[in-house]
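Given next are the chains, with one letter for each unit.
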Amino acid sequence: MIPLLEQYPALSSVLGYTPLAGLPTPVQPMARLTQELDAHGLYIKRDDLSGRPYGGNKARKLEFLLGTALQEKRKAVMTFGGAGSNHALATAVYARQCGLASINMLTPQPNARSVRRNLLLSDWAGAELHHFETWDAVCRGVKREMFRHRESDGRFPLVIPSGGSSPVGIVGFVNAGLELNAQITAGLLPEPDALYVATGTMGTVVGLTLGLAAAGLRTQVVAISVTSPDFNTRDKARNLFQSTNALLRQADPSFPDLDFPEERFELLYNYIGPMYGLYTEASVEAVRRVNAAEGIRLEGVYTGKAFAALLDHLRAGRFKNKNILFWNTYNTWDFSAEIAGRDYHALPAPFHRYFEEEVQPLDR
Ligand SMILES: *Cc1c(COP(=O)(O)O)cnc(C)c1O
């Protein structure tokens, strides 16, 4: 039983939930890096090892999102992202485990080897992949596909927003905050003074912030944005915090009424680089460093940028003598066996270019 539903059992009768993520995920010290960086205590939360065959942060959101789809007796879900979206892939993988179809509406993004792998695994998972050049085209596509997939009883696919960051999806990360608190109570790590996490659609960091507040933890949350402030703002974080808190209180009035912790929430934009989806020198260096010291694989688009911020702050003497937790949001299960021998020609033609064109320079 996950801590959120254990502590607030009334939620179970309202929210749809289906276990997918293999929780709790481990938390462990990064001993070598702590020593190399002359830090006090560096820890890592291994959400990369959540459910199989595709871990990472999205599995937690999907426990509630797909739980809702099942509760509402939907047959399919529709979601959105870049061509190599980790979220769209995770949705495809777990939808299939739930017996649901996944309709993935994808838009262009900078090429990378991970884009290729994700497309092949999405195909393995049986997702229906659609490519659109623009958001206008996506909107027309949504209308078309929703009607095409309407059931004879009138049910439409459940729409899951980009990144799964609706209040329902965010509930999965409220649980993650309580899960961390239980690991602190169990003595697996001290209460972190700071928590570093990459943010794209903000669901992960908002849910964690709400969960930490519900648990009474006073951890400083440092969110490193990987997308432009057009998508990703403090106001959006505050709004999602409040709407998720309202959803939980509606489902179980004993869930606390919490204020957005303005002074304990930081949002940084200076690690994005040129644009979403492009690696930076700093992110590549952070990936290399963590892999060399700890044998843990980050990537250049999200976790490398977040860890680059952590490295900079440590070098600048920030959080000296403090305990820092890095929340690892990227899948590290090896799924090469699942995609071995799969031919990209089986994908819809607009995706072939990711296999025929070169990957971005920093990924070569
Ligand atoms: C989606 C994703 C994030 C960002 O999570 P949000 O909830 O969208 O902010 C971070 N890291 C990785 C690897 C992701 O795939």
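Residues numbered from 1 in each chain as written. Predicted model: local features only at pLDDT ≥ 70, side-chain atom pairs only at ≥ 80, totals over all residues. Heavy atoms only, no water.

**Student:** Give a detailed account of the pattern of salt bridges, specifying residues and quantitative values.
**Tutor:** Summed over all chains, the structure comprises 22 salt bridges. When salt bridges that share partners are traced, they join Lys45, Asp47, Arg60 and Glu179 into one network. (Salt bridge = Lys/Arg side-chain N within 4 Å of Asp/Glu carboxyl O.)

**Student:** Tell me what's going on with the pairing of strand E2 (residues 41-45), and back it up with residues and numbers.
**Tutor:** Burial runs high along E2: five of the five residues are buried. Covered by surrounding structure in E2 are Gly41, Tyr43 and Lys45 together with Leu42 and Ile44, the residues of both alternating faces. Direction of pairing for strand E1 (residues 27-29) relative to E2: antiparallel, over a ladder of three bridges. Opposite glutamine 28, over in E2, you have isoleucine 44 as the bridge partner. Two elements, E2 and strand E10 (residues 323-327), share five bridges in a ladder whose sense is parallel. Each bridged residue has a counterpart across the sheet, and for lysine 45 the counterpart in E10 is tryptophan 327. (Buried < 20%, exposed > 50% of the residue type's maximum accessible area, 1.4 Å probe, protein only. Helix = DSSP H or I, 4+ residues; strand = E, 2+ residues; numbered from the N terminus. Pairing = 2+ DSSP bridges.)

**Student:** Hey, could you go over the environment of arginine 288 for me, with residue numbers and the actual values?
**Tutor:** On the secondary structure map, arginine 288 appears in helix H10 (residues 281-294). For the pair formed by arginine 288 and glycine 300, sequence separation is twelve residues and the distance between their alpha carbons is 9.9 Å. For arginine 288, the side chain forms a polar contact with the side chain of glutamate 285, separated by 3.0 Å. (Polar contact = N/O pair within 3.5 Å; in protein donor to acceptor, adjacent residues only side chain to side chain.)

**Student:** Describe empty space enclosed by the protein, and please don't skip the residues or the numbers.
**Tutor:** One pass over the structure, following the stated rule, counts two cavities of 30 Å³ or more. In this structure, the largest cavity occupies an estimated 120 Å³ of space. In terms of lining residues, the largest cavity is bounded by Gly84, Ser85, Asn86, Gln109, Ser114, Val115, Asn118, Tyr276, Glu299, Val301, Tyr302 and Tyr330. Per element, the largest residue contribution to the lining of the largest cavity is three residues, and it comes from helix H5 (residues 113-124). Here the lining of the largest cavity is built from residues that sort into five nonpolar, six polar and one charged. Approximately 50 Å³ is the volume attributed to the second largest cavity. When residues of the lining of the second largest cavity are assigned to their parent elements, the largest contribution, three residues, is made by helix H8 (residues 203-214). For the lining of the second largest cavity, the class distribution of residues is five nonpolar, two polar and one charged. (1 Å grid on protein atoms, 1.4 Å probe; cavity = no way out; pocket = protein on both sides within 12 Å on 5 of 7 lines; lining within 4 Å. Points joined across faces, edges and corners; volume = space filled by probe spheres on them. Nonpolar A, V, L, I, M, F, W, Y, C, P; charged D, E, K, R; others polar.)

**Student:** Pulling in residues and values, what's your account of the nonpolar core?
**Tutor:** One finds Leu42, Leu66, Leu119, Tyr196, Phe307 and Phe326 to be the most contacted residues of the largest nonpolar core, which totals 71 residues. Leave out the neighbours within four places in its chain, and leucine 119 touches Ala83, Leu106, Leu129, Leu347, Phe351, Tyr354 and Phe355. Of all hydrophobic cores here, the second largest spans 42 residues; its members include Ile2, Val221, Ala223 and Leu258. (Core = buried A, V, L, I, M, F, W, Y, C linked by side-chain atoms within 4.5 Å. Contact = heavy atoms within 4.5 Å.)

**Student:** Break down helix H7 (residues 167-185) for me, with residues and values.
**Tutor:** In this model H7 runs 27 Å from its N-terminal to its C-terminal C-alpha over 19 residues, within 8% of the 27 Å that 1.5 Å per residue would give. Across the 19 residues that make up H7, a large majority, 14, are buried. Two residues or fewer after H7 comes glycine 187, characterised by a positive phi angle close to 85°. (Expected span 1.5 Å × (residues − 1).)

**Student:** Tell me about the sheet that holds E2, and please be specific about residues and values.
**Tutor:** Reading across the sheet, the six strands line up as E1-E2-E10-E7-E8-E9 and stay open at both edges, with mixed pairing between neighbours. Only two strands of the sheet have a single partner each, and these edge strands are E1 and strand E9 (265-268). The average angle at which neighbouring strand axes cross in this sheet is 25°, direction not considered. The sheet contact formed by strand E8 (residues 220-225) and E9 spans four bridges and is parallel. Bridging across to E9, valine 221 finds its partner in phenylalanine 265. Helix H11 (residues 303-315) contacts E2, strand E7 (194-199), E8, E9 and E10 of the sheet and is inclined by roughly 145° relative to E7. (Axes fitted to C-alpha atoms, helices over the stretch in contact; angles between N-to-C directions.)

**Student:** Quick one: what's the story with the packing of H8 against helix H9 (residues 234-251), residue by residue and with numbers?
**Tutor:** Angle between the axes and distance between the axes are the two parameters that describe a pair of packed helices. One can describe the packing of H8 onto H9 by two numbers: an axis separation of 9 Å at closest approach and a directional angle of 55°. Considering the angle they form, H8 stands oblique to H9. For the pair H8 and H9, the crossing hand works out as right-handed. Residues Val206, Thr209 and Leu210 of H8 lie in contact with H9, whose contacting residues are Ala237, Leu240, Phe241, Thr244, Asn245 and Leu248. In terms of residue class, the contact of H8 with H9 is made up of six nonpolar, three polar and no charged. (Parallel < 35°, antiparallel > 145°, perpendicular 65-115°, else oblique. Left-handed = near helix turned anticlockwise from the far one by under 90°.)

**Student:** Explain the sheet that holds strand E5 (residues 128-131) residue by residue, including any values.
**Tutor:** One open sheet accounts for four strands, arranged E5-E4-E3-E6; its pairing is parallel. Of all strands in the sheet, those with a lone pairing partner are E5 and strand E6 (158-159), marking the two edges. In this sheet, E5 lies alongside strand E4 (residues 101-107) in parallel orientation, the contact comprising four bridges. Considered in E5, the bridge of isoleucine 103 is made with glutamate 128.

**Student:** Please set out the layout of surface pockets residue by residue, giving values where relevant.
**Tutor:** In this structure, the largest pocket spans a volume of roughly 870 Å³. Lining the largest pocket are 40 residues, with Ser162, Thr201, Thr227, Tyr276 and Tyr302 sitting closest to its centre. Listed by contribution, the elements that provide at least two residues to the lining of the largest pocket are helix H3 (58-71), strand E3 (76-82), helix H4 (86-97), E7 and H8. Its residues placed into classes, the lining of the largest pocket shows 15 nonpolar, 22 polar and three charged. Its boundaries defined by the atoms lining it, the second largest pocket holds a volume of some 340 Å³. Ranked by residues supplied to the lining of the second largest pocket, first place goes to H10 with four residues.

Bear in mind that shape data such as this cannot, by itself, settle questions of function.
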